[in-house]
Amino acid sequence: MKKKLLVALCLSIAAAHATAADDSADLVLSGRIDGAAHESYIELPFEVPAGTGRITVEFDYGGREEKTTIDLGLIDPQGFRGWSGGNKRMFTVALDDATPSYRAGPLPAGRWHLLLGVPNIRQGAVSDYTARIDFTPADLPERLPAALLPMLREGAGWYRGDLHMHTAHSDASCPSQQGAKVPCPLFLTLQAAEERRLDFVAVTEHNTASHLQELRGLQPYFDRLLLLPGMEVTTFQGHANVFGLQAGLDFRVGDTVRDWNALIAEAVRRGLPLSVNHPALPSDERCMGCGWRPTGGTDWSKVVAVEAVNGQDAGTPVSGIPFWHARLNEGYRLTGVGGSDNHDATLRDSQFGRSRVGAPTTVVHAQSLSQPAILDGIRAGRVFVDLDGSGATLDLSARHGEAIVAMGENLALPTDAEAEFELRVSGALGARVELIVDGRVEPLLADAKVAMQEQAFSWRWRSDGGRHWLRADVRAGDGRLLLVGNPVYVNFQER
Ligand SMILES: [Zn+2]
Ligand SMILES: [Zn+2]
């Protein structure tokens, strides 16, 4: 029999939170236990509103110094949902993922219970507890409470990551212990990224969200490596990555989803930046549905990025760079990114013996190492691609009067006005820089050779009043592409 509760239970509903990182909880359950609760279970009821897609609980209590211990579990209207004991002060359950100890799955509306277990509280002791509970709407699954958006590193700077990779959750394979070809465990991909000293990875499985559960469980361990849940939306009319998703996304373009523009609109509605992948690949029996050829066209104004570099495709006939340039020439501001598209984290580079995870690396200027900041950084476009993951850097800016703009930004420049451009390159000794204006290589620099560990190149550029974009690449002495920079825009439409 359950002991009689000696809890002063108070329920207060905080204002519904409006932003992803809002710190206020939707519901706070607080109360007090005393010695009478020793070795008992307490069920704290709470109502889950209809249309809830995620429940997140943060729990804390006093009296630990007196060895008071309160364990934690969860009961849904149908029964037991999980038990984390004293292992976790925070947990989340959603349709596609849950903190280890808990079961992912549907979240029926109605009466749920937070289950407290009290293995110890001394006679005469009291303990105040607080459970802060957040409800994420099912139709806005990316609206996460702050507790689920860890800040791995504070401060603005350059953060290095791989935006395109697959594991056992889609079509990655690697050798088993005995050498059989088996679906390749996700953990190996993250270990390879850690070895390459990446700051973030987007795990982008084909059309599934089954990896969200594993990423949820692994993020606390990988506290130097930000894990961005992603999906490679893989259709018969092309592939695109979305980053930061927290629930599945219907991919059946031409079937349940009208066309790619409907899918792009859905990504925008959920706040998922979308990047069109390997657009210049063929779409035939060599690579089925790989090239970008949406039957209903593409609303490029809603697309955030183009995968300019996929694996080792730079300089080949299927490179995405000319495709990206063509869209920029049409007046769209699209961040050029890269992704290894790794399908076997154990495969080693023949030259360096490193995993091919992180080749290429996308380097993003962001306000911190956190999911919202990295996604904002990709949107803003102060980004370059480091093809070998060598650690070399590139940054381009332009100044006109008081206005200084970075890569990804727009400079309004009237006819005959001159802008001062500056390109900074580091870690690329012996390489040469190449300037690209509206898709053409322009010899604006007298000497484009990188002669110092850190070097700045500057030049003046006169406007004809028209719309232009300028960006820089860095090439090795043998012409091989090392770094791909993003454009500074001139007289483009403001976003
Ligand atoms: Zn693909
Ligand atoms: Zn892929």
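Residues numbered from 1 in each chain as written. Chains lettered and ligands numbered in written order. Predicted model: local features only at pLDDT ≥ 70, side-chain atom pairs only at ≥ 80, totals over all residues. Heavy atoms only, no water.

**Regarding the state of the cysteines**
Defined as follows: In this description, a disulfide is simply a cysteine sulfur pair whose atoms lie within 2.5 Å. Think of it this way: any DSSP run of H or I at least four residues long counts as a helix, any run of E at least two long counts as a strand, and we number them from the N terminus. When a residue's accessible area, from a 1.4 Å probe over protein chains only, is under 20% of the maximum for its type it is buried; when over 50% it is exposed; and in between it is partly exposed.
Under the counting rule described, the total for this entry stands at two disulfides. Covalently, Cys174 is tied to Cys184 through a disulfide, its sulfur atoms 2.2 Å apart. Every disulfide takes its handedness from the sign of the S-S torsion; for Cys174 and Cys184 that torsion is 95°, giving right-handed. Taken together, the residues span a long stretch of sequence, with Cys174 in strand 11 (residues 173–175) and Cys184 in the loop between strand 12 (181–183) and helix 1 (186–195) at a distance of ten residues. Judged by relative accessible area, Cys184 falls into the buried class, the value being 2%. Each bonded cysteine of the chain gets a number by its place in the sequence, and the pairs then read 1-2, 3-4.

**What about the domain arrangement of the chain?**
Short version of the rule: Domain delimitation in this document rests on an assignment produced automatically or drawn from a domain database. In what follows, a contact means two residues having at least one pair of non-hydrogen atoms within 4.5 Å. A simple way to read buried area is as the amount of 1.4 Å-probe accessible surface that goes missing from two parts once joined, with both sides added. The term salt bridge refers to a pairing of a side-chain nitrogen on Lys or Arg with a carboxyl oxygen on Asp or Glu at a separation within 4 Å. Three classes are used, and their members are as follows: Ala, Val, Leu, Ile, Met, Phe, Trp, Tyr, Cys and Pro are nonpolar, Asp, Glu, Lys and Arg are charged, and the others, Gly among them, are polar.
Each assigned domain of the chain is listed here: domain 1 (10–146) and domain 2 (150–391). Distance from the C-alpha centre of domain 1 to the C-alpha centre of domain 2: 34 Å. In this assembly, 13 residues from domain 1 lie in contact with 13 residues from domain 2. A combined buried area of about 1,100 Å² lies between domain 1 and domain 2, and 49% of that area is made up of carbon and sulfur atoms. The three residues of domain 1 that bury the most area against domain 2 are Asp96, Asp97 and Glu142, which together make up 46% of that side's buried surface. Inspection of the region where domain 1 meets domain 2 yields two salt bridges. Between Glu142 and Arg270 there is a salt bridge, and its shortest N-O distance comes to 2.8 Å. Its residues assigned to classes, the side of domain 1 that touches domain 2 shows six nonpolar, two polar and five charged.

**Focus on the sheet that holds strand 24 (residues 418–426)**
We apply this condition: Pairs of strands are assigned from DSSP output, requiring at least two bridges between the strands. Orientation is described by axes fitted as lines to C-alpha atoms, over the contacting stretch for helices, and by angles from 0 to 180 degrees between their N-to-C directions.
Reading across the sheet, the four strands line up as 22-21-24-27 and stay open at both edges, with antiparallel pairing between neighbours. One side of each edge strand has no neighbouring strand; the edge strands of this open sheet are strand 22 (403–406) and strand 27 (454–462). When strand polarity is set aside, the average angle formed by the axes of neighbouring strands in this sheet is 20°. Direction of pairing for strand 24 relative to strand 27: antiparallel, over a ladder of nine bridges. Within strand 27, the position partnered with Ser426 by the bridge is Glu454.

**Thoughts on the coordination of the zinc ion (ligand 2)**
Put simply, the rule is: Donor atoms: N, O and S within 2.8 Å of the metal, or within 3.2 Å for Na, K and Ca. Because water is excluded, sites can look incomplete. For four-coordinate sites, all angles between 85 and 135 degrees define a tetrahedron; for four- and six-coordinate sites, opposite donors beyond 155 degrees with the remaining angles between 65 and 115 define square planar and octahedral shapes respectively, and all other cases count as irregular.
Here the zinc ion (ligand 2) is held by His164 (NE2), His166 (NE2), Glu232 (OE) and Asp341 (OD), and the distances to it run 2.1 to 2.2 Å. In this structure, the zinc ion (ligand 2) is surrounded by four donor atoms whose angles at the metal cover 81 to 172°, and the resulting shape is irregular. Expressed as a motif, the donor residue spacing for the zinc ion (ligand 2) is H-x1-H-x65-E-x108-D. Using a relative accessible area of 1% as the deciding quantity, one classes His166 as buried.

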